[in-house]
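# Examining the three-dimensional arrangement
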Amino acid sequence: MILFPLAVFSQKIITPGSKDINTKHIKPEKSMHTVYYVKDSKWDKQGSLTYDITLVNNQLSITNSYTPVDNSRTSSRTTVANAQTLKTISYDNDGKETKISLNFGETTVTGTYYSKKTKKTKKVNLNIKEEFIDWNLTDHVIGTLPLDVGYKARFPQFYYNSESDVHVEYYTIKEVKSYIYNSPKTGKHEAWLVTVSEEATGAIYNYIIDKKDHRLWQREMSMGKGMWEITVNEELDYQPIKNKFYKQQVIDQISKGNSVVIGTAYARADSGKRLGGLVNTAKKQYAPRGTEITLFPSSDYYEEWAAVNKKIRKQNKIPEVPLDPDFGYSVKKTKVYDDQGHFEFLDLMPGTYIVMASFAFSNSYNYSYVSGYTNYYNYFGYQGSTTNYGTARQYYTDKADIEKRVTIDKDGEKKEVNLKEM
């Protein structure tokens, strides 16, 4: 009881301009975190938190915007601070119930507080002599510190509460230790796990900070009764595909040409199951009338996307990379129009295209089976037996997944393709 306060108050204090703050680690960028409420093993998605950081005229502007999962309303708060020291210049908050606008002088905080519930405006005029870190900056300040195993510090945090006379409270960095963060997109990263305690309430915050680029991977805030609010970085900068997807170019390619592709989709006669060394005896299995056929232009973007995902599947460590959100604009669809698997695509420009089909079909195979035995006897008894065989035909449902490339060399060309399962 006696030693604990002494240990706390002997720690270094982090305030604007502190030599421990390296503002180079706060980079102008936009990032997004998904917000969950977590209890035991249940994760309930609440919404998304976006950090938008800009740097203009030696001023950092940091906007934190929260959008609930139902997209009902986005609330935002913006802090402008000196880019070198992180001393707060202004703060604006447009929330669900309040609207706050504050200006920060050397020792004064002035501005307005508006309640959307009562529709009343209150003038703010505070005299705060101690230095502080604005609460809207805390998530970013943690990553600027010289984190290392055993690092400890305290920092005063400013938060305006219209119903309280206390606006600055202290937080303690209790523990820093090494941690491995496993990103579902980019795999494992060496990180720091920073545990922060709110001294007045004992509330715990955990920050997972990347050791190399100082990004905030995850933030955890205790809410009491075993509940935690956890925000998870969605890595908006993650883009392993270097080639770009050109939306308008592919739209033109599938709609402004004079070439056509005609074809037949079918499965080969021996593409079905092989049982007992016997194969199906049916002829070509045509794609049924109404089967959807897909065509889209091949491109450097698509080829790289396919290669990257092939490598990811082989390593089986991280999820596959999704296609560009606009990729659907490059896709053209048609349907088989008869019982012989025929289809057509019109208005195509020269280029290489990928044609795909997937369909189920009925198949069959012949097989033999033992129907019984004939035993032979004479005066001396049993002399042996012969096996009797029967034949039958088995029917089953199979599926064909077909992909083929076709190249149109000149405008107006008619290209024919057999879309068959190999």
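Residues numbered from 1 in each chain as written. Predicted model: local features only at pLDDT ≥ 70, side-chain atom pairs only at ≥ 80, totals over all residues. Heavy atoms only, no water.

## A few points about the overall build of the protein chain
Along the backbone of the protein chain there are four helices and 25 strands. In the protein chain, the share of contacts with a sequence separation of at least 24, taken over all contacts with a separation of at least 6, comes to 55%. By element, 50% of the accessible surface of the protein chain is carried by carbon and sulfur atoms, the whole surface being about 24,700 Å². (Helix = DSSP H or I, 4+ residues; strand = E, 2+ residues; numbered from the N terminus. Contact = heavy atoms within 4.5 Å. Areas by Shrake-Rupley, 256 points an atom, 1.4 Å probe, with all protein chains shown as cover.)

## Quick look at the pattern of salt bridges
One pass over the full model with this rule turns up 17 salt bridges. With a closest N to O distance of 2.7 Å, Asp94 and Lys116 form a salt bridge. Taken together, the residues span a long stretch of sequence, with Asp94 in strand β5 (residues 88–94) and Lys116 in the loop between β7 (108–115) and β8 (120–127) at a distance of 22 residues. Here Glu229 makes a salt bridge to Arg219, at a shortest N to O gap of 2.7 Å. (Salt bridge = Lys/Arg side-chain N within 4 Å of Asp/Glu carboxyl O.)

## Here's the deal with the side chain of His189
The residue His189 is located in strand β12 (residues 187–198) in this model. Of note is the side chain of His189, whose polar atom sits 2.7 Å from the side chain of Thr186. The contact partners of His189, leaving out residues within four places of it in the chain, are Tyr179, Ile180, Tyr181, Ser183, Asp210 and Trp217. (Polar contact = N/O pair within 3.5 Å; in protein donor to acceptor, adjacent residues only side chain to side chain.)

## Considering helix α4 (residues 300–315)
Along its 16 residues, α4 runs 23 Å from first to last C-alpha, staying within 8% of the 22 Å computed at 1.5 Å per residue. For α4, the full list of buried residues reads Tyr301, Tyr302, Glu304, Trp305, Asn309 and Ile312. The arc that holds the buried residues of α4, viewed along the axis, is 160 degrees, so those residues lie on one side. Opposite its buried face, α4 presents the exposed residues Asp300, Lys310, Lys311 and Lys314, each directed more than 90 degrees away. Of the residues trailing α4, Asn316 is marked for its positive phi of about 55 degrees. (Expected span 1.5 Å × (residues − 1). Buried < 20%, exposed > 50% of the residue type's maximum accessible area, 1.4 Å probe, protein only. Arc of directions from axis to C-beta.)

## Description of the packing of aromatic side chains
As enumerated under the stated definition, the model contains 18 aromatic pairs in all. Seen in terms of ring centroids, Phe155 and Tyr171 are 5.7 Å apart; in terms of plane orientation they differ by 10 degrees. Their pairing is stacked. A residue pair is termed long-range when its members are at least 10 positions apart, and Phe155 in strand β10 (residues 153–158) and Tyr171 in strand β11 (residues 168–183) qualify at 16 residues. The class of Tyr171 is buried, set by a relative accessible area of 8%. Geometrically, the ring pair formed by Tyr301 and Phe327 is tilted, given 6.5 Å between the ring centres and 40 degrees between the ring planes. (Phe/Tyr/Trp six-rings, centres within 6.5 Å; stacked < 30°, edge-to-face > 60°.)

## Structural notes on the nonpolar core
If you look at the biggest cluster of nonpolar residues, it comprises 32 residues, and the most contacted ones within it are Leu147, Tyr151, Ile173, Val194, Val196 and Tyr207. Mapped by element, the contributors of at least two residues to this core are β2 (42–56), β3 (59–68), β10, β11, β12 and β13 (204–210). Sequence-distant contacts of Tyr207, defined by excluding residues within four places in its chain, comprise Thr138, Asp139, Ile142, Trp192, Leu193, Val194, Val196, Leu216, Gln218 and Arg219. Counting 21 residues, the second largest nonpolar core, distinct from the first, contains Ile293, Val355, Ala357 and Ala400. (Core = buried A, V, L, I, M, F, W, Y, C linked by side-chain atoms within 4.5 Å.)

## Here we look at the confidence of the model for the protein chain
Residue-level pLDDT values for the protein chain average 88, and 85% of them are 70 or greater. No element of the protein chain has a lower mean pLDDT than strand β17 (residues 274–275), at 41, and none a higher one than β13, at 98. Low pLDDT (under 50) marks residues 271–282, which in the prediction has 34 contacts with non-local residues, meaning those over four places away or in another chain. (pLDDT = per-residue confidence, 0-100.)

## So, unusual backbone geometry
We note that Asn58 has phi near 65 degrees; this positive angle belongs to a residue other than glycine. When you line up the elements, Asn58 lands in the loop between β2 and β3. Given a relative accessible area of 37%, Asn58 falls into the partly exposed group. With a phi angle near 65 degrees, His214 is a residue other than glycine that sits in the positive phi range. On the secondary structure map, His214 appears in the loop between β13 and β14 (216–224).

## A look at the side chain of Lys332
Topologically, Lys332 is positioned in strand β21 (residues 332–335). No salt bridge is formed by the buried Lys332; the nearest opposite charge belongs to Asp347, separated by 4.3 Å. Only 2.5 Å separates the side chain of Lys332 from the backbone oxygen of Leu346, close enough to count as a polar contact. Discounting chain neighbours no more than four positions away, the residues touching Lys332 are Ile254, Ile293, Thr294, Leu295, Phe345, Leu346, Asp347 and Leu348. (Lys, Arg positive; Asp, Glu negative; His and termini not counted.)

## Points about the pairing of β21
In β21, alternate side chains face the same way, and those of Lys332 and Thr334 are buried while those of Lys333 and Lys335 on the opposite face are not. Bridging between strand β20 (residues 292–297) and β21 involves four bridges; their strand directions are antiparallel. Note that in β21 the partner of Glu292 across the bridge is Lys335. (Pairing = 2+ DSSP bridges.)

## Regarding the environment of Thr67
Assignment of secondary structure puts Thr67 in strand β3. We classify Thr67 as buried; its relative accessible area is 18%. Distance from Thr67 to Thr34, taken between C-alpha atoms, is 9.7 Å for residues 33 residues apart in sequence. Setting aside residues up to four positions removed in sequence, Thr67 forms contacts with Gln46, Gly47, Ser48, Arg73 and Thr74. Looking at Thr67, its side chain comes within polar contact range of the side chain of Thr74, at 2.7 Å.

## Some thoughts on the environment of Glu106
Looking at the element boundaries, Glu106 is found in the loop between β6 (98–104) and β7. Given a relative accessible area of 67%, Glu106 falls into the exposed group. In this structure the C-alpha to C-alpha distance between Glu106 and Ile128, which are 22 residues apart in sequence, comes to 8.6 Å.

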